[in-house]
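Fold and geometry: a report
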Amino acid sequence: MQTKKTALLLGSTGLTGSCVLELLLHSEEYQKIIIYVRKSTGFNHPKLIEKLFDFDNCLESVEANDVFCCLGTTIKKAKTKEAFKKVDLEYPVKIAQIQFKAGSTKFMVVSAMGADKNSSIFYSRTKGEMEDQLQKIGYSSLAVFRPSFIAGERKEKRMGESIGIWLFKIISPLLIGPLRKYQSVSAHSIALAMIHEANGENKGTSVLLSDEIKKYK
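What comes next is a walk through the structure.

Cut-off values and rules
- Residues numbered from 1 in each chain as written.
- Predicted model: local features only at pLDDT ≥ 70, side-chain atom pairs only at ≥ 80, totals over all residues.
- Heavy atoms only, no water.
- Helix = DSSP H or I, 4+ residues; strand = E, 2+ residues; numbered from the N terminus.
- Contact = heavy atoms within 4.5 Å.
- Areas by Shrake-Rupley, 256 points an atom, 1.4 Å probe, with all protein chains shown as cover.
- Pairing = 2+ DSSP bridges.
- Axes fitted to C-alpha atoms, helices over the stretch in contact; angles between N-to-C directions.
- Expected span 1.5 Å × (residues − 1).
- Buried < 20%, exposed > 50% of the residue type's maximum accessible area, 1.4 Å probe, protein only.
- Salt bridge = Lys/Arg side-chain N within 4 Å of Asp/Glu carboxyl O.
- Core = buried A, V, L, I, M, F, W, Y, C linked by side-chain atoms within 4.5 Å.
- Right-handed = clockwise from strand over helix to strand, strands pointing away.
- Parallel < 35°, antiparallel > 145°, perpendicular 65-115°, else oblique.
- Left-handed = near helix turned anticlockwise from the far one by under 90°.
- Nonpolar A, V, L, I, M, F, W, Y, C, P; charged D, E, K, R; others polar.

Considering the overall build of the protein chain
The number of helices and strands found in the protein chain is 7 helices and 9 strands. By sequence separation, contacts in the protein chain at least 24 residues apart represent 70% of the contacts at least 6 residues apart. When the accessible area of the protein chain is evaluated, it comes to approximately 11700 Å², of which 54% is carbon and sulfur surface.

Thoughts on the sheet that holds strand β9 (residues 204-209)
A sheet is described by the order of its strands in space; here 7 strands give the open sequence β3-β2-β1-β4-β5-β6-β9, paired in parallel fashion. Edge positions in the sheet fall to β3 (48-52) and β9, since each of these pairs with one other strand and no more. Across the sheet, the mean angle separating the axes of adjacent strands is 15° when strand polarity is ignored. Here helix α1 (residues 15-26) sits on the sheet and contacts β1 (5-10), β2 (30-37), β3, β4 (66-69) and β5 (106-110); the angle it forms with β2, its principal contact strand, is near 155°. Against the sheet, helix α4 (residues 122-135) touches β5, β6 (141-146) and β9, its axis set at about 175° to β5.

Considerations on α1
Relative to the 16 Å expected for 12 residues at 1.5 Å per residue, α1 spans 18 Å between its end C-alpha atoms, a close match to the ideal helical length. Those residues of α1 lying buried are L15, T16, G17, C19, V20, L21, L24 and L25.

Concerning the pattern of salt bridges
One pass over the structure, following the stated rule, counts 8 salt bridges. For D66, the salt bridge is made with K5, and the minimal N-O distance between the two is 2.6 Å. Taken together, the residues D66 in strand β4 and K5 in strand β1 connect sequence positions 61 residues apart. Here D66 matches K5 in class, with each residue buried. Across the salt bridge formed by E60 and K51, the nearest N and O atoms sit 3.2 Å from each other. Each of the salt bridges in this network shares a partner with another, and the network as a whole consists of K117, D132 and K136.

Considerations on the nonpolar core
When a protein is soluble and globular, its nonpolar side chains tend to lie buried together. In this structure, V20, L24, I33, F68, F145 and M194 are the most contacted members of the largest nonpolar core, which totals 30 residues. Mapped by element, the contributors of at least two residues to this core are β1, α1, β2, β5, β6 and α6 (187-198). I34, C69, L89 and F107 belong to the second-largest nonpolar core, a separate cluster that totals 26 residues.

Some thoughts on the pairing of β1
A large share of β1 lies buried, amounting to 6 of its 6 residues. Across the two faces of β1 the burial is the same, with K5, A7 and L9 and T6, L8 and L10 all buried. The sheet contact formed by β1 and β2 spans 6 bridges and is parallel. Residue pairing across strands places K5 opposite Y30, the latter belonging to β2. Regarding topology, α1 serves as the crossover connection from β1 to the parallel β2, and that connection is right-handed.

So, the environment of S141
Note that S141 resides in strand β6. Beyond its immediate chain neighbours, meaning those up to four positions away, S141 contacts T105, K106, F107, N202 and G204.

Concerning unusual backbone geometry
One non-glycine residue, K79, lies in the positive phi region at around 80°. With respect to the helices and strands, the residue K79 is situated in the loop between α2 (75-78) and α3 (81-102). For K79, a relative accessible area of 69% translates into the label exposed.

Quick word on the environment of G14
Position of G14 relative to the elements: it lies in the loop between β1 and α1. With relative accessibility at 28%, the residue G14 sits in the partly exposed group. C-alpha of G14 to C-alpha of G72: the two residues are 58 residues apart in sequence and 8.4 Å apart in space.

Re the packing of α3 against α4
Where α3 meets α4, the closest approach of the two axes is 9 Å, and the angle between their N-to-C directions is 15°. The angle between α3 and α4 falls in the class roughly parallel. The hand of the α3/α4 crossing is right-handed. Here K81, F84, K85, D88, L89, P92, V93 and A96 of α3 lie close against α4, whose contacting residues are F122, Y123, T126, K127, E129, M130, Q133 and L134. For the contact of α3 with α4, the per-class residue count stands at 9 nonpolar, 2 polar and 5 charged.

By themselves, these figures tell us nothing about what the structure is for.
This is the structure in structure tokens:
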């Protein structure tokens, strides 16, 4: 009988991370889910272990088979490019390095469509640099998810995002053929795809775009 696994989840309070957490807690593949949080969520579950974590001084590791990284912010929220890079590049890479040394073998990470370390666009370049650095660590399986617009009920309501959601609902059905990768994708689908990859047999680096992620419903 196969031993059930332990998962480490980063970004559990965000849109995609909260979906991943819910699925992990109900998954028969995992006996323990560890989440890193800056402050307690107040949520309790028999499989859940909540650890208060200082992301700026991350030196601690945990025993976890699979790492799910849903960390991410916006430049508007972060206020500076430097602060944005901390959340979207430095934190994921540093924790990935620490967990690899601690024995974790699979790393699933939410990136973004257009991620390219050579891009002239700061956001895309940062995501590309993150992917590039993660690939150099040595995980037996690295799954990168590059969604276009992520759809779902966000805790923070912003006018710009509300308009974006409305536009994508109209435009997405028109994006067919080679344009399918630009379709919006639900946070739930991303979460399902991440868990599927974590429990699959893929080795090396896998990159899934929106049209591939949308297959998971």
